[in-house]
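A closer look at the structure
Chain residues, written in single-letter form:
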Amino acid sequence: DAGVTQSPTHLIKTRGQHVTLRCSPISGHKSVSWYQQVLGQGPQFIFQYYEKEERGRGNFPDRFSARQFPNYSSELNVNALLLGDSALYLCASSLKSGGYYEQYFGPGTRLTVT
Amino acid sequence: AQSVSQHNHHVILSEAASLELGCNYSYGGTVNLFWYVQYPGQHLQLLLKYFSGDPLVKGIKGFEAEFIKSKFSFNLRKPSVQWSDTAEYFCAVKGSSASKIIFGSGTRLSIRP
């Protein structure tokens, strides 16, 4: 079975630009979560979506937004990029939201802002 | 505040040595606890998890962890490490009904052949 997939693998953007990252969950999983992992730190929770509705939001500015599509794939959008947004962005999928549902992580998208 | 502390940033061991990585958390209420591992060039994967029941949890590749509620700890152990255990290890906590997982800053484990 295919795991969580993310695209693109790497990308380089300039300050002030906008970026869209994509995630496809494991087949049958209806929940997607997004995390930011800055070099040398653990992942930090950004959003969780379940059945196309936002179920949780971390401490990130409004420049960060996300959505989930009817096929349960998800996009993370970041506007007005800052140098500090450079990080590995991880997507995780689970069967449902919260509770005892294990999250499976994708390989991540490495974003570099120059 | 909800947080996870991993006090060892980098641990270096020889093959066959025993391993214990410390993890303490701060979180009100019932928790779920995890250890994730990130091998070089690979994505984050679950090593073991505690949801309820026996506080001694066994995971993959011979790893185990013990949940000590009174100490807010969930230390990871392995009796004899191998070179292939070289990786970054993350402890994490989640409220039992919550959606977000809170990660520690990670411990880099290097094994000398």
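Before reading on, note that the structure itself is shown above.
Each value, and the rule that gives it
- Residues numbered from 1 in each chain as written.
- Chains lettered and ligands numbered in written order.
- Predicted model: local features only at pLDDT ≥ 70, side-chain atom pairs only at ≥ 80, totals over all residues.
- Heavy atoms only, no water.
- Helix = DSSP H or I, 4+ residues; strand = E, 2+ residues; numbered from the N terminus.
- Rg over C-alpha atoms; globule rule 2.2 N^0.38 Å.
- Buried < 20%, exposed > 50% of the residue type's maximum accessible area, 1.4 Å probe, protein only.
- Contact = heavy atoms within 4.5 Å.
- Areas by Shrake-Rupley, 256 points an atom, 1.4 Å probe, with all protein chains shown as cover.
- Lys, Arg positive; Asp, Glu negative; His and termini not counted.
- Charge placed at Lys NZ, Arg CZ, Asp CG, Glu CD.
- 1 Å grid on protein atoms, 1.4 Å probe; cavity = no way out; pocket = protein on both sides within 12 Å on 5 of 7 lines; lining within 4 Å.
- Points joined across faces, edges and corners; volume = space filled by probe spheres on them.
- Nonpolar A, V, L, I, M, F, W, Y, C, P; charged D, E, K, R; others polar.
- Buried area = accessible area lost by both parts, 1.4 Å probe.
- Salt bridge = Lys/Arg side-chain N within 4 Å of Asp/Glu carboxyl O.
- Disulfide = S-S within 2.5 Å.
- Phe/Tyr/Trp six-rings, centres within 6.5 Å; stacked < 30°, edge-to-face > 60°.

Turning our attention to the overall build of chain A. Scanning chain A from terminus to terminus reveals 0 helices and 11 strands. Secondary structure elements in chain A, listed N-terminal to C-terminal, are β-β-β-β-β-β-β-β-β-β-β. For chain A, whose C-alpha radius of gyration is 13 Å, the value lies close to the compact-globule estimate of 13 Å for 114 residues. Across its three principal axes, chain A shows a C-alpha extent of roughly 40 × 25 × 25 Å. Burial status across chain A gives 52% buried among its 114 residues. A separation threshold of at least 6 residues defines the contact pool for chain A, and within that pool the share at least 24 residues apart is 54%. For chain A, the accessible surface area stands at approximately 5500 Å², while carbon and sulfur atoms represent 48% of it. For chain A, the distance from the average site of its 11 positive side-chain charges to the average site of its 8 negative ones is 5 Å.

The next point concerns the side chain of Asp85 of chain B. Residues and elements named next belong to chain B. Locating Asp85 in the fold gives a position in the loop between β9 (73-78) and β10 (87-95). Residue classification places Asp85 among the buried residues on the basis of a relative accessible area of 1%. Excluding residues that lie within four positions of it along the chain, Asp85 makes contacts with Tyr39, Phe63, Lys78, Leu109 and Ile111.

When its volume is computed, the largest pocket comes out at roughly 520 Å³. When residues of the lining of the largest pocket are traced back to their parent elements, those giving at least two are β11 (109-113) of chain A together with β10 and β12 (107-112) of chain B. Broken down by element, the residue count for the lining of the largest pocket peaks at 3 residues, all from β10 of chain B. Looking at the lining of the largest pocket, its residues break down into 9 nonpolar, 13 polar and 3 charged. Of the pockets and cavities examined, the second largest pocket occupies roughly 340 Å³. Where the lining of the second largest pocket is concerned, the elements lending two or more residues are β5 (44-50) of chain A together with β1 (3-5) and β11 (102-103) of chain B. Looking at side-chain class alone, the lining of the second largest pocket contains 7 nonpolar, 9 polar and 1 charged residues.

Counting residues at the interface gives 21 residues for chain A, matched by 19 residues for chain B. Between chain A and chain B lies a buried interface of about 1500 Å² when both sides are counted; carbon and sulfur atoms form 59% of it. Looking at the side of chain A facing chain B, the largest losses of area belong to Tyr100, Glu102 and Phe105 of chain A, adding up to 34% of the total buried there. Put simply, chain A and chain B have 1 salt bridge between them.

Turning next to unusual backbone geometry. The linkage connecting Ser7 of chain A with the following residue, Pro8 of chain A, adopts the cis geometry, with an omega of -10°. Look at Phe72 of chain B: it is not a glycine, yet its phi comes out positive at around 50°. Relative to the helices and strands, Phe72 of chain B resides in the loop between β8 (64-68) and β9. Residue Phe72 of chain B is classed as partly exposed on the basis of its relative accessible area of 42%.

Let's shift gears to the state of the cysteines. Summed over all chains, the structure comprises 2 disulfides over all chains. Note that Cys23 of chain A is cross-linked by a disulfide to Cys91 of chain A, the S-S spacing being 1.8 Å. Disulfide Cys23 of chain A to Cys91 of chain A: torsion about the S-S bond roughly -60°, handedness left-handed. Here Cys91 of chain A lies in strand β9 (residues 87-94) and Cys23 of chain A lies in strand β3 (residues 19-24), a separation of 68 residues in the sequence. This pair shows no difference in class: Cys23 of chain A is buried, exactly as Cys91 of chain A is. For Cys23 of chain B, the disulfide goes to Cys91 of chain B, at an S-S distance of 1.9 Å.

With that settled, consider the packing of aromatic side chains. Think of a pair of aromatic rings as described by two things: how far the centres are apart, and how the planes are tilted against each other in angle. Considering all chains together, one arrives at 15 aromatic pairs over all chains under this definition. For the ring pair Tyr35 of chain A and Phe45 of chain A, a centre distance of 5.7 Å and an interplane angle of 70° mean the geometry is edge-to-face. With Tyr35 of chain A in strand β4 (residues 31-37) and Phe45 of chain A in strand β5, this pair connects stretches of sequence that are 10 residues apart. Comparing Tyr35 of chain A with Phe45 of chain A, the two get one shared label, buried. Here Phe60 of chain A and Phe64 of chain A contribute two aromatic rings whose centre-to-centre distance is 5.1 Å and whose plane-to-plane angle is 65°, an arrangement assigned as edge-to-face. In this pair, the class of Phe60 of chain A matches that of Phe64 of chain A, namely buried. Among the aromatic residues, ring-to-ring pairing joins Tyr35, Phe45 and Phe105 of chain A together with Phe34, Tyr36, Phe51, Phe90 and Phe103 of chain B into one connected group.

Everything listed here is a matter of coordinates, which is why it stays silent on function.
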